[in-house]
Amino acid sequence: MKIDDQEELARRAAAGDAAALNDLLGMVRPSVLRRCARFLPCWQDAEEACQDVLLQVARNIGRFEGRSAFGTWLHVIIANSSRQTYRSLKRRAAEEAHEHPPVEVPDPRTTSVIAGSRLDLLDALERIEARKPELVAPMVLRDICQLEYREIAVQLNIPEGTVKSRIHQARGQVREYLMQGT
């Protein structure tokens, strides 16, 4: 996928071109799914988040102003959708726990360390968001979505120095939370 083609499709889709939107969604779907899988440990959950991302893009493409690259705008939607999917799954699991008898605890020898680490990170982000929500987006966009500081600053409409400071604070809080769990 060429970035220029993606940018052109995004520009046309934002202007109301339905065919361009359809082409754009088809073009970005594989990448969106991979990026959702960075957040969520189960492939089915990543697919659910991916569908939500594509739906959000389709609904909100008219709001894409081109201040940043389409890919940057898309990263924000991916991060928010993946985290929302995780919160929904966690809430559903808690509700179902009351309806069904207890399930066996997974054997730590057969549970993926990576999956567990992702869940720990998502839990840490949730705790930070409850206290200092402004710290979460910069860290997610930098450390998970791997955007440049400049791109994050443009997307969040804050100075680059503020982005760096918030990322530093968020990392410290995540580290503190993860250390408590050990």
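What counts as what
Residues numbered from 1 in each chain as written. Predicted model: local features only at pLDDT ≥ 70, side-chain atom pairs only at ≥ 80, totals over all residues. Heavy atoms only, no water. Helix = DSSP H or I, 4+ residues; strand = E, 2+ residues; numbered from the N terminus. Buried < 20%, exposed > 50% of the residue type's maximum accessible area, 1.4 Å probe, protein only. Contact = heavy atoms within 4.5 Å. Areas by Shrake-Rupley, 256 points an atom, 1.4 Å probe, with all protein chains shown as cover. Axes fitted to C-alpha atoms, helices over the stretch in contact; angles between N-to-C directions. Parallel < 35°, antiparallel > 145°, perpendicular 65-115°, else oblique. Nonpolar A, V, L, I, M, F, W, Y, C, P; charged D, E, K, R; others polar. Phe/Tyr/Trp six-rings, centres within 6.5 Å; stacked < 30°, edge-to-face > 60°. Lys NZ or Arg CZ within 6 Å of the ring centre and 35° of its normal.

Student: So what about the overall build of the chain? Which residues, and what values?
Tutor: The secondary structure content of the chain amounts to eight helices and zero strands. Taking all 182 residues of the chain together, the buried fraction comes to 37%. Nonlocal contacts in the chain, meaning residues at least 24 apart in sequence, comprise 64% of its contacts between residues at least 6 apart. Summed over its atoms, the accessible surface of the chain is roughly 10800 Å², and 52% of this surface lies on carbon and sulfur atoms.

Student: Let's hear about the packing of helix H7 (residues 149-156) against helix H8 (residues 160-180): which residues, and what values?
Tutor: Where H7 contacts H8, the two axes come as close as 9 Å, and the packing angle between them is 105 degrees. By the criterion of interaxial angle, the relationship of H7 to H8 is roughly perpendicular. Seen from H7, the contacting residues are Tyr149, Arg150, Ile152 and Ala153; seen from H8, they are Glu160, Val163, Lys164, Ile167 and Arg171. For the contact of H7 with H8, the class distribution of residues is five nonpolar, no polar and four charged.

Student: Please give an account of the packing of helix H6 (residues 136-144) against H8 that cites residues and values.
Tutor: Look at H6 against H8: their axes get within 8 Å of each other, and the N-to-C directions meet at 85 degrees. The angle between the axes of H6 and H8 places the two elements in the roughly perpendicular class. Side by side, H6 and H8 meet where Pro138, Met139, Arg142 and Asp143 of the first sit next to Val163, Arg166, Ile167, Ala170, Arg171 and Val174 of the second. Of the residues contributing to the contact of H6 with H8, the split by class is six nonpolar, no polar and four charged.

Student: Any details on the packing of aromatic side chains? Residues and values, ideally.
Tutor: In total, this model carries three aromatic pairs according to the counting rule given. Consider the rings of Phe64 and Phe70, whose centres lie 5.6 Å apart with planes at 90 degrees: the pair is edge-to-face. One exposure class covers both Phe64 and Phe70, and it is buried. A ring pair is formed by Phe70 and Trp73, whose centres lie 5.7 Å apart and whose planes are at 40 degrees; its orientation type is tilted. In this pair, Phe70 and Trp73 both sit in helix H4 (residues 70-99), three residues apart, roughly one turn of the helix. The two residues Phe70 and Trp73 agree in class, both being buried. By the ring-pair criterion, three or more aromatic residues cluster together here, those being Phe64, Phe70 and Trp73. Lying across the ring of Tyr149, Lys164 places its NZ or CZ 5.2 Å from the centre.

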